[in-house]
2 protein chains.
Amino acid sequence: MNVLWLLAHPDHRSLTHSLAREGVRHLRDHGHDVTVRDLYAMKWNPVVDADDFSHDPTDRLLVGAVAKHAYRRGKLSADIRAEQELVLASDVLVVQFPLWWHGMPAILKGWFDRVFVNGFAFGVKDPVTGATLRYGDGGLRGRRALVVTTVGAREAAFGPRGIHGELEQVLFPIQHGIFHYTGMEPLPALAVYDADHATEDDYRAAVSRLRQRLATLAETSPVPFRTQAGGDYDDDLVLRPHVAPGVTGLAAHYA
Amino acid sequence: MNVLWLLAHPDHRSLTHSLAREGVRHLRDHGHDVTVRDLYAMKWNPVVDADDFSHDPTDRLLVGAVAKHAYRRGKLSADIRAEQELVLASDVLVVQFPLWWHGMPAILKGWFDRVFVNGFAFGVKDPVTGATLRYGDGGLRGRRALVVTTVGAREAAFGPRGIHGELEQVLFPIQHGIFHYTGMEPLPALAVYDADHATEDDYRAAVSRLRQRLATLAETSPVPFRTQAGGDYDDDLVLRPHVAPGVTGLAAHYA
């Protein structure tokens, strides 16, 4: 497989980078092609602005429409186009980061803000029906995505009733809102907890868990989100009454 | 009141900026002091790195510990210290942004990554008991926070059973994971939907809703998250069995 590995930590001596090196080696040893995007080393610019779109600064910057226009005409900036080529060439995205403020570090969030533009990742229409493809289908269908995250907190605090919120639901904006939305299959996230106090034994255990997840990338069942094409949602994109009756909030979108 | 208004959109002619101007004017007309941080105009750097901490680059960058050390010794970079002063001087944070990939634009996420460091916003201990203060208490107690967000989707799709997930739960990593965690009171978010197609009438309606929310900043009930001090969580930070018995996921943390 072709694996695109996104990495966002400022120190190459960190637990994050050490795990990345082990993971990349494991994949290559098993015959996969891996491209690593070390966003800090690349000095990736995470800030969307008019320069991304060759946009006339005297015109209003309606980001979604302007991005789609630039994408279709090949006018996106070169750094964005290079990342899009890598995404299209990939079968799997590994997205690895320390969990900062319950989400991605800004440098990584801005990779999605800038690369996953309208017309490329979303806002794609079915050529026959004209329907907008999303949630289970879309511009990036056919790919899988795996979050690997290092977390300062202990595991129980991100468990089903832990104070920080159950990790999979805290990651819903990424797993469902980015990956599933664009047609990718989100795999259950791999979290390494209590990351600031990892011993040698903890590190070996984390490497072992990572290798196991990488060895099963192709066959792991994705997070079972409902799909738009599956018929669970009506024309207003609301769950039909007979689907998970009475359930509201994020829990309703897991089949 | 002292209001700190964070703003993150690249175009000053956008709906986001137009609403911000109306909101700031309204607050000032009612006698409040408002400081606007227009992160794009400031060219805010959203990327955490060693330069933030006057950190010796030959030492490992353990971000949490290094940040806390730098904070305590007054060694954080000047741009971070300036924002922290503004936070401390504020009674209310208004955090306004277009919803990009179900979260904050990177430039704004990186404001929290860099400004809300260990020892300042979290990792603060009770001087008597030594317990770490979080979720309802912490470094920023006594402040309120209001998200104002412009959203491309229509309202139903972010409703209780909408396909994108109920907005308050999609915003959980911000409302609960940042504001509530640091002791601030998160107010229900104000969302302006279908923002790419706003008519003059839609705009007037949005301004009216914004003014109404700003006029009631002091008395609006916050999102009713459970607090750590309230005794609902055990020493492992897990909900006690008698609290919301059987409920898992984010829904369990609303009282």
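Rules and cut-offs
Residues numbered from 1 in each chain as written. Chains lettered and ligands numbered in written order. Predicted model: local features only at pLDDT ≥ 70, side-chain atom pairs only at ≥ 80, totals over all residues. Heavy atoms only, no water. pLDDT = per-residue confidence, 0-100. 1 Å grid on protein atoms, 1.4 Å probe; cavity = no way out; pocket = protein on both sides within 12 Å on 5 of 7 lines; lining within 4 Å. Points joined across faces, edges and corners; volume = space filled by probe spheres on them. Helix = DSSP H or I, 4+ residues; strand = E, 2+ residues; numbered from the N terminus. Nonpolar A, V, L, I, M, F, W, Y, C, P; charged D, E, K, R; others polar. Phe/Tyr/Trp six-rings, centres within 6.5 Å; stacked < 30°, edge-to-face > 60°. Buried < 20%, exposed > 50% of the residue type's maximum accessible area, 1.4 Å probe, protein only.

Novice: With reference to specific residues and values, describe the confidence of the model for chain A.
Specialist: Predicted confidence across chain A gives a mean pLDDT of 96, with 100% of residues reaching 70 or more. Scored as a complex, the prediction yields pTM 0.98 and ipTM 0.97.

Novice: Go over empty space enclosed by the protein with me, naming the residues and quoting the values.
Specialist: Following the criterion strictly, the structure yields one cavity of 30 Å³ or more and no others. Of the voids in this model, the largest cavity is the one considered here, and its volume is about 240 Å³. If you list the elements that add at least two residues to the lining of the largest cavity, you get α6 (172-180) of chain A together with α6 (172-180) of chain B. Tallied by class, residues from the lining of the largest cavity come to 12 nonpolar, four polar and two charged.

Novice: Residues and numbers for the packing of aromatic side chains, please.
Specialist: Across all of its chains, the model carries 30 aromatic pairs over all chains by this definition. Seen in terms of ring centroids, W101 of chain A and F116 of chain B are 6.1 Å apart; in terms of plane orientation they differ by 75°. Their pairing is edge-to-face. With W101 of chain A in the loop between β3 (92-98) and α4 (106-115) and F116 of chain B in the loop between α4 (106-115) and β4 (124-125), this residue pair bridges two chains. Residue W101 of chain A is classed as buried on the basis of its relative accessible area of 12%. Between Y181 of chain A and W101 of chain B, the ring centres sit 5.7 Å apart and the planes meet at 85°, which makes this aromatic pair edge-to-face. Here W101 of chain B lies in the loop between β3 (92-98) and α4 and Y181 of chain A lies in the loop between α6 and β7 (185-186), a pairing that spans two chains. Every member of this aromatic cluster is reached through a ring pair, and the members are Y71, W111, F112, F116, F120, F122, Y135, F179 and Y181 of chain A together with W101 of chain B.

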